[in-house]
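Coordinates in review
Each chain, letter by letter, is given below.
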Amino acid sequence: MILAKTLFSRSQKIRILRFSFRYLWYLPLVLFFFIFLFCQPRKLFREPASTLMLDRNGILLGAKISADQQWRFPVSEKLPVKFRQAIVQAEDQWFYLHPGINPVSLIRAAYLDIKYRKIISGGSTLSMQVIRLSRKGKNRTILEKLVEMMLAVRLEFTFTKEKIIRLYASYAPFGGNVVGIEAASWRYFGVTPDHLSWAEAVTLAVLPNNPSLIYPGKNQQILLKKRNLLLNRLYIKGIIDRTTLELSLSETLPGKPYLLPQKAPHLLERSVHEGFVGRKVVSTLDVQLQDKVNEILLLHYPELKANEIYNAAALVLDVNSGNVLAYAGNIPLIGSREHGYDVDIITSPRSTGSILKPFLYASMLNEGLLLPTSLVPDIPMQIGSFIPENYNQTYDGAVPAKRALSRSLNIPAVKMLQTFTYDQFYLQLKKIGITTLTKPADHYGLSIILGGAEANLWDLAGIYASMARTLNHYSASPGYYDRSDFHPPIYVKKDEKEKGLYHDKTSWLDAASIWLTFEAMVEVSRPDEEQQWQMFSSSGRIAWKTGTSFGNRDAWSIGVTPGYVVAVWVGNATGEGRPGLTGIGTAAPVLFDIFKVLQPTCWFTRPVDEMTEIPVCRFSGYRASSICEYPDKVWVQKKGLKTDVCPFHVLIHLDKTGTWQVNSDCESPDNMLHKSWFVLPPIQEWFFRNKNPFYKTLPPFRPDCRSAEVHNMDMIYPKNNSRLYIPVDLNGIPGSVVFKLAHRNPATTVYWHLDESFVGTTTQYHQLALSPLKGIHRLTLIDSNGETLVIRFEILRRN
């Protein structure tokens, strides 16, 4: 039993061994199959590619050399027919028939190499050359050739013939640091591969075979001979006709490589920083408009340079899509690093000047805090150390809000911001698209409206475009909004998607407020050569705004129509200010020159569903009260119905002659005339009446009614008609006189005027140090109740 068990075990082992030997020969085949299956890397080429910027129609705007300093464009999606046929005839005539290797070519190459005892032909197919290009740096040995053959066959299992030939065309060397057909087409002929002639396509087809020997511009006869041989082969093969052959043979060879286009270098650089490195970026730009904008900047450059102003930027947007049509980040002086021409001003935060005022105006209309016609104070003001002044350093006393915007008056803007509050405005700016407010609202305070904050041209243009887009879309779908209409500009081309129905009932700014804001901006005074725009049709209407930062460092001008937004900045990248560097003087001329090359559009449709016609006081612009005389009918936003009625019309009592004010203490009510009178607060009246001849001051009280008047002010020092000396201190600097006033109600604000100039205000402690010059002067004091006190004094000398 033990013997049987032993014999069974041995026979079983023998059968197992026989079975193993029978199938052992299959093991190398299985191993080879797995090697063949997994031998091809997931990504054949890992070389960095150049970054390309194309316009919306695929025209090259610019390129940035790759990280390894090669002009290597991303793999082409398609290969031109001319180059495909030329490269096949030059490198691999059996390309579309073999499985990756061509035995006939290999035998022929081996025969020639043995016969001449040197490498005459490699016998490589295009597929094998793709593998060799991907295995850069490998020695050309027999073993390496076998590896290339195996990988070439594997390649044919993975990719189509079209894909393989495109890989070859994209990574083949074309001399120097030029790699790939697209880079070669641009560098040697200045055109895209699609626009190559037969002679040009054939010239490029013979380059990869020995790029170092026949680099264009050198060895011209060798290159010419190779090109003509290939042209004749194409003719013999019937690919080109006799006429094409003769014309091609007559074409000259390329000389010095062309410089690649640099039409939008700052946008190209921006795309690299935003993650598009090594990619082909199809932008939304229009190459023709980009060229025109660059030309306009260069046209204005000599005049700017004469005033030592070296930088300017311009941005053009399509309103409805938000697409960028032109992007000039600086004066297009390619290759010059002087004066910061390489700085992209469009994305650089700069002091805003007055450019944010329309956003405040629109926001107040949107909240029902203001009517376009409402008077806003324009008087001297001081809030702590903050002393805003109008650019022309004059005051109107009071001015309609829309006129304050069109004239870009600073003090009315600050007064409006006090009403709206700067923290609410700060939040509103962030909501609608300002991204540069990096500090809390208290850091900016009221100065945010006068350039105390920074913004960039990108955000500002995007907001104006968003406002116009909201208005356009509301006109198409009255009563509905889409808050996504407020979005930044777009410079990467995307598939156009049809928007669905608008469903939001509100937006960050309603259509009526936007329309009224644009109407006010139309009235801005244009540069001298543009003054006659109103003589033309509505296509000449542009809502626009300028801004000039403190110290004349930044000049802004932004305009909007239903079709376009144009934004311009002029200044020095270094921040140096220059006399005459203003929005109206330097940026606005560029703005209007750009608008001249844009397609005219009709004006915005008034959003009547969000507006109503109401009576407003002719003088104050507020909603008319029952005693307002001569009210005007105007269209306002519906939210404007929440605004106050006119606070400036009061009912006064006059005697029968209408020349004196009276009261019941001195006149019978039956003998009184009751009249509505437009009365501004004293300090506003002081300036307003000088600019508005229609303004009538209140009639004085009749002498027998003086008892009705109460005198609340009197001077402590100096008294009326005093004669004063002003001492000089030890340093020889003239001192000052402290003027003191007594008031029954110390909390009352008193406004001080020396001669005709406003010098300050006091509250609680009514005293002010002044340094008048020698001579006779008049001091006028007006309190907030309208009571006036005038004294005269004489400064004898300052010793």
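Points about the nonpolar core
With 90 residues, the main nonpolar core has F359, F425 and F518 as its most contacted residues. Looking at this core element by element, the count peaks at eleven residues for helix α19 (residues 457–476). The residues contacting F518, other than those within four sequence positions of it, are Y464, M467, A468, L471, A543, V560, W603 and F604. Core analysis: the second largest hydrophobic core is formed by 55 residues, L54, L196, L234 and L245 among them.

Some points on the packing of aromatic side chains
Per the counting criterion, the structure on display carries 22 aromatic pairs. Relative to Y96, the ring of F95 has its centre 4.9 Å away and its plane inclined at 75 degrees; by these criteria the two rings are edge-to-face. For Y96, a relative accessible area of 44% corresponds to the partly exposed category. Considering the side-chain rings of F359 and Y464, the 4.9 Å spacing of their centres and the 45 degrees angle between planes classify their relative orientation as tilted. One end of the pair, F359, is in helix α14 (residues 357–366); the other, Y464, is in helix α19, and 105 residues separate them in sequence. There is no split in this pair, since F359 and Y464 are both buried.

What about the sheet that holds strand β12 (residues 543–548)?
Pairing within the open sheet is antiparallel, and its five strands lie in the order β7-β6-β14-β13-β12. Only two strands of the sheet have a single neighbouring strand rather than two, namely β7 (324–328) and β12. Across the sheet, the mean angle from the axis of one strand to that of its neighbour is 10 degrees, orientation sign disregarded. Two elements, β12 and strand β13 (residues 554–560), share six bridges in a ladder whose sense is antiparallel. Bridge pairing in β13 places T548 opposite A555. Relative to the sheet, helix α21 (residues 583–596) contacts β6 (311–318), β12, β13 and β14 (564–571), its axis offset from that of β13 by approximately 35 degrees.

Re unusual backbone geometry
For N552, which is not glycine, the phi dihedral falls at a positive 55 degrees. Inspection of the secondary structure assignment puts N552 in the loop between β12 and β13. The phi angle at Y630 is positive, at roughly 55 degrees, despite the residue not being glycine. Its place among the elements puts Y630 in the loop between β15 (611–616) and β16 (632–637).

What to know about the side chain of T51
Among the secondary structure elements, T51 is positioned in strand β1 (residues 51–54). Engagement of the side chain of T51 in a polar contact is seen with the backbone nitrogen of G278, the distance being 2.8 Å. Ignoring sequence-local partners within four residues, the contact set of T51 consists of G62, A63, K64, L268, S271, V272, F276, V277, G278 and R279.

Thoughts on the packing of helix α8 (residues 181–189) against helix α9 (residues 198–206)
It is the contact of α8 with α9, at a shortest axis distance of 11 Å, that shows an interaxial angle of 120 degrees. Taken as axis vectors, α8 and α9 run oblique relative to one another. Relative to α9, the crossing made by α8 is right-handed. When α8 is examined against α9, the residues I181, A184, S185, Y188 and F189 are found in contact with a partner set consisting of E200, T203 and L204. For the contact of α8 with α9, a count of residues per class yields five nonpolar, two polar and one charged.

Some points on the environment of I434
By the element assignment, I434 lies in the loop between α17 (422–432) and α18 (441–444). Residue classification places I434 among the buried positions, given a relative accessible area of 5%. As a C-alpha pair, I434 and N456 span 22 residues in sequence and 8.4 Å in three-dimensional space. In contact with I434, not counting residues within four places along its chain, are L429, A455, D459, L460 and I463.

Concerning the confidence of the model for the chain
In the predicted model, the chain carries a mean pLDDT of 84, and 85% of its residues have values of at least 70. Ranking the helices and strands of the chain by mean pLDDT puts β7 first, with 97, and helix α2 (residues 26–38) last, with 50. Low pLDDT, under 50, characterises residues 1–8; the predicted model gives this stretch zero contacts beyond four residues in sequence or across chains. Counting interchain partners and residues more than four positions distant, the pLDDT-below-50 stretch residues 528–539 has 15 contacts.

Here we look at the pattern of salt bridges
Applying the stated criterion to the full structure yields 22 salt bridges. Ionic pairing is found between K64 and E269, a salt bridge with its closest N-O pair at 3.4 Å. With a gap of 205 residues between them, K64 in strand β2 (residues 60–64) and E269 in helix α12 (residues 265–276) connect regions that are remote in the sequence. Its relative accessible area of 31% is what places E269 among the partly exposed residues. Between R270 and E274 there is a salt bridge, and its shortest N-O distance comes to 2.8 Å. Here R270 and its partner E274 are both found in helix α12, four residues apart, which amounts to about one turn of the helix. Overlapping salt bridges bring together E308, E576 and R578 as one network.

Calculation rules
- Just so you know, the residues in each chain are numbered from 1, in the order the chain's sequence is written.
- Since the coordinates come from a predicted model, pLDDT governs what is reported: local features require at least 70, and pairs of side-chain atoms require 80 or more to be given and counted, while whole-chain, interface and lining totals use all residues.
- Processing note: side-chain calculations cover all non-hydrogen atoms of the structure and skip hydrogens and water entirely.
- Among buried residues, those of type Ala, Val, Leu, Ile, Met, Phe, Trp, Tyr and Cys that are joined through side-chain atoms within 4.5 Å constitute a nonpolar core.
- Any residue under 20% of the maximum accessible area for its type is buried, any over 50% is exposed, and the rest in between are partly exposed; the area is computed with a 1.4 Å probe on protein chains only.
- Only runs of H or I of at least four residues qualify as helices and only runs of E of at least two qualify as strands under DSSP, and these elements are numbered from the N terminus.
- Pairs of residues are marked as contacts when any of their non-hydrogen atoms sit within 4.5 Å.
- Note on ring pairs: Phe, Tyr and Trp rings are taken, using the six-membered ring of Trp, and paired if centres are within 6.5 Å. Classes follow the plane angle, with under 30 degrees stacked, over 60 edge-to-face and the rest tilted.
- Pairing between strands requires that DSSP locate at least two bridges from one strand to the other.
- The angle between two axes is taken between their N-to-C directions and runs from 0 to 180 degrees, where each axis is a line fitted to C-alpha atoms and a helix contributes only its stretch in contact.
- Nitrogen and oxygen atoms within 3.5 Å of one another constitute a polar contact, given that in protein one can donate a hydrogen and the other can accept it, and given that sequence-neighbouring residues count only through two side-chain atoms.
- For classification purposes, an angle smaller than 35 degrees is called roughly parallel, one larger than 145 roughly antiparallel, one from 65 to 115 roughly perpendicular, and anything else oblique.
- Take the far helix as your reference; a near helix turned counterclockwise from it by less than a right angle gives a left-handed crossing, and one turned clockwise gives a right-handed crossing.
- Gly counts as polar in this scheme, as do all residues outside two lists: the nonpolar Ala, Val, Leu, Ile, Met, Phe, Trp, Tyr, Cys and Pro, and the charged Asp, Glu, Lys and Arg.
- Residue-level confidence of the predictor is summarised by pLDDT, bounded by 0 at the bottom and 100 at the top.
- Here, a salt bridge means any side-chain nitrogen of Lys or Arg that lies within 4 Å of a carboxyl oxygen of Asp or Glu.

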